[in-house]
Amino acid sequence: MNIVFATSEMVPFAKTGGLADVCGSLPLVLAEKGHTVKIFLPKYKMIDAALFYATQELDLIDIVLGDEVVSGKVHVYDYAQRVQVLFVENDDFFNRDDLYGTSENDYPDNDRRFIFFQKVLLKTLKAINFKPHILHCHDWQTALLPVYLKTVHKEDPFYEKTKTFLTIHNMAYQGMFSSAAFPLTGLSWDEFTVEKLEFYGKSNFLKGGILYADVLTTVSQRYAQEIQLKEFGCGLEAVIKQRRNNLYGIINGIDKNEWNPETDKDITVNFSINQLNKKYINKGVLQKENKLAVDRNVPLVGIVTRLTDQKGLDILTPLMPQLAQMEVQVVLLGTGDKRYNKKFAQFGEEYPDTFGVNIMFDAQMARRIYAGADMILMPSHFEPCGLSQLIGLRYGTVPLVRETGGLADTVIDFNRNTGKGNGFVFSEYTKDALLKTIQKALEYYKNKELWRTIVVNGMRCDFSWDASAEKYIELYNKEKKKDLMYA
Ligand code: ADP
């Protein structure tokens, strides 16, 4: 099968969150299973310039954006001996410090930037004569592609056999822009109605994708259910419901080789399920690095996250002074909303014996936390999939999570009587429920035998990509066959 991934993030090139991990792993697994996969990604500033010596440059492509013509260049890069990454270059749009904006504001021309990206993709596929069976789009940044295929390219024989998939990684980001900018899309005003892309006077790119994609997926089954509800649908619950027969939840995996405590080069000492004592060397290093007391017996809670409301920080912050009174250490690595950056930095200064606070994005430090912490805390308000809990499980770091989205699908509350379960789970979104669960976990931590059972249960879980990739392939095939059935 010919498969094209359209994405705004991909590990190892550009990442703000889980979307990048998915697009860095799934295409490689699909390629291993015999499919031809090409991935389109903007050529951002942070992508290593040296890499472009090894690319093949295609001819310039001109794109009409409203009454302007903007040129883009595509660099084709053979990656990991399995897939091709097509970097879309336009320095005005993508040669910036961040992907979507600063910690204060989104870039004001995000509509232009990603309309351009998508239009370049559609033209490039023709230029290289690569007809995809599946065009797999991700989030609002590429959600117009299904719209283009069903409108502008409806009669286009080149895309006749192309089926579109839209994976929603997060309903909270929809790509909403002023109606005045709608002509940039090149779509007819007929598309700007309440039944289509219009959403309270604005154009909503994700809504377009939801309505037009052949298949919708979310990154966990629970989240596919949740987004049909007002609490999680972010205003699009009715639109999602309308498409529920074409909506599937497939849990994300993690790359087994990339996330492996036995081989991870960024941690101090490698360890495995049979050498858990070595994990605690990493704990000591982490404590030292964060100027916390180096003590194997004090439970250490890790938090690796974007600092946004989604992540449950509003029920966590009121507990911080209380945690400072308890027998616990907390190491936080995160960056995001300015007010949270500030608040957590303050906690770090106020309670240096309890909190190690690192306001930054640092992929290596994240690994040291996964390896060295005893627990990984995710009190999320909502969580489409969540990767930190999966990484935590693999590194013997027990997840403490709220029962939502992918957290609910992957973490099972430990039951002392049966010895089953891989973490701690609470349901009610309140600081009290969170505190109670933290207290319970700290209590269990005191019992070394019991704790070891939870750690081992977690390390035995298999959340690799293999099973999930098979589910995508099954859906791709099902969709492809529909044409044959109706032919
Ligand atoms: P989301 O996609 O909502 O941000 P996920 O849990 O799905 O949340 O994925 C987050 C990914 O980003 C994980 O791999 C996590 O380790 C990583 N991550 C988040 N914040 C940071 C940070 N400040 N530094 C390094 N890695 C981070």
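A quick note: this is a predicted structure, and the numbers were derived from the prediction, not measured.

Criteria and cut-off values
Every chain is numbered on its own, with residues counted from 1 as its sequence reads. Note on the predicted model: pLDDT of at least 70 is required for a residue's local features to be given, and 80 or more for side-chain atom pairs to be given and counted; whole-chain, interface and lining totals, by contrast, use all residues. Values reported for side chains reflect all heavy atoms of the structure, with hydrogen atoms and water molecules removed beforehand. Numbering goes from the N terminus for both helices and strands, where a helix is a DSSP run of H or I of at least four residues and a strand is a run of E of at least two. C-alpha atoms define the radius of gyration in this analysis, and the globule rule sets the expected value at 2.2 Å times the number of residues to the power 0.38. Using a 1.4 Å probe on the protein chains alone, a residue whose accessible area is under 20% of its type maximum counts as buried, one over 50% counts as exposed, and one in between counts as partly exposed. Residue contacts are defined here by distance: any two heavy atoms, one from each residue, within 4.5 Å place the two residues in contact. Accessible surface is estimated by sampling points in the Shrake-Rupley manner with a 1.4 Å probe; for residues, cover comes only from the protein chains shown. Note on charges: Lys and Arg go in the positive column, Asp and Glu in the negative column, and His and the chain ends are not counted at all. Throughout, a charge is located at the NZ atom of Lys, the CZ atom of Arg, the CG atom of Asp or the CD atom of Glu. In the sections that follow, a salt bridge refers to a side-chain nitrogen of Lys or Arg positioned within 4 Å of a carboxyl oxygen of Asp or Glu. When DSSP locates at least two bridges between a pair of strands, those strands are taken to pair. All axes are obtained by fitting lines to C-alpha atoms, using only the stretch in contact for helices, and the reported angles, taken between N-to-C directions, cover 0 to 180 degrees. Looking down the strands as they point away from you, a crossover is right-handed if its path from the first strand over the helix to the second goes clockwise. We define proximity as follows: a residue is near a molecule or strand when any one of its heavy atoms falls within 4 Å of that partner. Polar contact is the term for a pair of N or O atoms within 3.5 Å; when the atoms are in protein, one must be able to donate a hydrogen and the other to accept it, and sequence-neighboring residues count only if both atoms are side-chain atoms. Each domain's limits were defined by an automated method or a database of domain assignments. Oblique is the label for any angle not under 35 degrees, not over 145, and not in the 65 to 115 range, which are roughly parallel, roughly antiparallel and roughly perpendicular in turn. Helix crossings fall into two classes, left-handed where the near helix is turned counterclockwise from the far one by less than a right angle and right-handed where it is turned clockwise. Under the convention adopted here, Pro, Cys and the residues Ala, Val, Leu, Ile, Met, Phe, Trp and Tyr are nonpolar, Asp, Glu, Lys and Arg are charged, and Gly plus all remaining residues are polar.

**Q** Please set out the overall build of the chain residue by residue, giving values where relevant.
**A** Within the chain, the secondary structure is distributed over 18 helices and 19 strands. Relative to a compact globule of 487 residues, whose C-alpha radius of gyration would be 23 Å, the chain shows 23 Å and is just as compact. Along the three orthogonal principal directions, the C-alpha set of the chain runs to about 65 × 45 × 45 Å. Counting over 487 residues, the chain shows a buried share of 60%. Across the chain, every contact between residues at least 6 apart in sequence was considered, and the portion connecting residues at least 24 apart equals 72%. Summing over all exposed atoms, the chain offers an accessible surface of approximately 20,700 Å²; the carbon and sulfur share of this is 48%. Charge separation in the chain, taken as the distance between the mean sites of 58 positive and 61 negative side-chain charges, equals 5 Å.

**Q** Give me the pattern of salt bridges: which residues, what numbers.
**A** As enumerated under the stated definition, the model contains 25 salt bridges in all. One salt bridge in this structure joins Asp466 and Lys33, with 3.1 Å as the shortest N-O distance. With Asp466 in helix α18 (residues 465–486) and Lys33 in the loop between α1 (18–32) and β2 (36–42), this residue pair connects regions lying 433 residues apart in the sequence. Lys150 serves as the salt-bridge partner of Asp214, at 2.8 Å between the closest nitrogen and oxygen. Linking Asp214 in the loop between α5 (205–212) and β12 (215–218) with Lys150 in helix α4 (residues 144–150), this pair joins segments that are 64 residues apart in sequence. We classify Lys150 as partly exposed; its relative accessible area is 32%. Among the ionic contacts, a cluster of salt bridges with common partners joins Glu258, Asp264, Asp266 and Arg367.

**Q** Could you give me a rundown of the sheet that holds strand β18 (residues 398–402), with the residues and numbers involved?
**A** The strands that make up a sheet are held in pairs by hydrogen bonds between backbone atoms, and each pair lies either parallel or antiparallel. Spatial strand order, β16-β15-β14-β17-β18-β19: 6 strands in an open sheet with parallel pairing. A strand with exactly one partner marks an edge of an open sheet, and here the two such strands are β16 (355–359) and β19 (424–426). Across this sheet, the average inter-strand angle for adjacent strands is 15 degrees, counted without regard to direction. Its contacts with the sheet place helix α16 (residues 431–446) against β17 (375–378), β18 and β19, and it is angled at close to 160 degrees to β19. Packed onto the sheet, helix α17 (residues 448–459) meets β17, β18 and β19 and runs at close to 80 degrees relative to β18.

**Q** Talk me through the pairing of strand β1 (residues 2–6); I want residue IDs and the actual numbers.
**A** Of all 5 residues making up β1, 5 are buried, and the element is well covered by its neighbours. Side-chain alternation along β1 places Asn2, Val4 and Ala6 on one buried face and Ile3 and Phe5 on a second face that is also buried. Direction of pairing for β1 relative to β2: parallel, over a ladder of 5 bridges. Looking across to β2, one finds that Val4 is bridged to Lys38. With α1 bridging β1 and its parallel neighbour β2, the resulting β-α-β unit is right-handed. Summarising the sheet, β1 and strand β7 (residues 134–138) pair through 4 bridges and their orientation is parallel. Looking across to β7, one finds that Ile3 is bridged to Ile134.

**Q** Quick rundown of the site of the ligand? Include the residues and the values.
**A** The full set close to the ligand counts 22 residues, and Gly18, Arg306, Lys311, Tyr370 and Leu387 are the nearest of them. At a separation of 2.5 Å, an oxygen atom of the ligand approaches a polar backbone atom of Gly18. Here Asp362 contributes a backbone N or O atom positioned 3.0 Å from a nitrogen atom of the ligand. Starting from 560 Å² of accessible surface for the ligand in isolation, the protein chains cover 93%. Every element with two or more residues in the shell around the ligand is listed here: α1, β14 (300–307), β15 (329–336), α13 (363–372) and α14 (388–394). Each of domain 1 (2–253 + 466–485) and domain 2 (276–462) contributes no fewer than three residues to the shell around the ligand.

**Q** Which residues make up the packing of helix α9 (residues 276–289) against α13, and what are the values?
**A** Relative to each other, α9 and α13 sit at 125 degrees, their axes nearing to 8 Å. When the interaxial angle is binned, α9 and α13 end up oblique. When you trace α9 past α13, the crossing you get is left-handed. Counted together, Lys279, Asn282, Lys283, Leu286 and Glu289 of α9 and Met365, Arg368, Ile369, Tyr370, Ala371 and Gly372 of α13 form the full contact between these two elements. Here the residues of the contact of α9 with α13 sort into 5 nonpolar, 2 polar and 4 charged.

From the geometry alone we can't say anything about function, so treat these as descriptive.
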